[in-house]
Amino acid sequence: MICYHEWTSALGILTLAGQEDAVCELRFGASHETDWIPGKTELLTQAEQELAAYFAGERKVFTIPYRAKGTPFQMRVWEALTKIPYGEVRSYQEIARAAGNPKACRAVGMANHANPLPILVPCHRVIGKNGKLTGYGGGLEIKKRLLELEGLDGFL
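Worth saying up front: this structure is predicted, and the values here are computed from it rather than measured.

What counts and what doesn't
- Residues numbered from 1 in each chain as written.
- Predicted model: local features only at pLDDT ≥ 70, side-chain atom pairs only at ≥ 80, totals over all residues.
- Heavy atoms only, no water.
- Disulfide = S-S within 2.5 Å.
- Buried < 20%, exposed > 50% of the residue type's maximum accessible area, 1.4 Å probe, protein only.
- Helix = DSSP H or I, 4+ residues; strand = E, 2+ residues; numbered from the N terminus.
- Pairing = 2+ DSSP bridges.
- Contact = heavy atoms within 4.5 Å.
- Salt bridge = Lys/Arg side-chain N within 4 Å of Asp/Glu carboxyl O.

**Comments concerning the state of the cysteines**
No. 1: Tallied over the entire structure, the rule returns zero disulfides.
No. 2: Unpaired in this structure, Cys-105 has its nearest cysteine sulfur neighbour in Cys-123, at a distance of 16 Å.

**So, the pairing of strand E1 (residues 3-9)**
No. 1: Among the seven residues in E1, five count as buried, and that is most of the element.
No. 2: Counted along the chain from E1 to the antiparallel partner strand E2 (residues 12-18), the turn is two residues long.
No. 3: Bridge analysis of E1 against strand E4 (residues 37-38) gives two bridges, and the strand direction is parallel. Following the sheet pairing, Cys-3 is matched in E4 by Ile-37.

**What about the environment of Ile-84?**
No. 1: Mapped onto the fold, Ile-84 is located in the loop between helix H2 (72-82) and strand E5 (90-91).
No. 2: The spacing of Ile-84 and Ala-56 is 28 residues in sequence and 20 Å in space, taken between C-alpha atoms.
No. 3: Not counting residues within four places of it along the chain, the set of residues in contact with Ile-84 comprises Val-89, Arg-90, Ile-95, Pro-122, Arg-125 and Val-126.

**Here we look at the pattern of salt bridges**
No. 1: Evaluation of the coordinates by the stated rule reveals eight salt bridges.
No. 2: Measuring nitrogen to oxygen at the nearest pair gives 2.9 Å for the salt bridge that ties Asp-21 to Arg-67. Placement of the pair is Asp-21 in the loop between E2 and strand E3 (23-28) and Arg-67 in the loop between helix H1 (42-55) and H2, with a sequence separation of 46 residues.
No. 3: Close ionic contact of Lys-40 with Glu-48 constitutes a salt bridge, the shortest N to O distance being 3.4 Å.
No. 4: Classification of Lys-40 as partly exposed rests on a relative accessible area of 46%.
No. 5: Each member of the salt-bridge network shares a partner with another, and the members are Glu-25, Arg-27 and Glu-33.

Pasting the structure below:
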């Protein structure tokens, strides 16, 4: 059973979804899942609090348990994303290397797009090797705002 909670964050409406032991999705906007059950569990409340503290500049690391489902390559990419420290960026090529396939830059972009836990698994910290911003599932404006929040105004 997956419970979800929608809340208005500094970035607009976010939907948090989770099971008893882990957050499994974070979405920009409202949920359209018909098999999820609305409810603000203790875990989703903690996730909301940690995200609110992150948006306020008071948190740099998340402690809530989360679990993503994906292909083996996606899982390696998402694991590499969690290694990018707050306030730093990596190129798609660097993430491809870290995921074990140095030529898979486009596949890294696709894995980032499929990331079910943006912000928690920080795909917003990935930029083009030329230092330019590239796509983001929540839109480039949100990516810019997240990078600004982390003090990375130089990439905007």
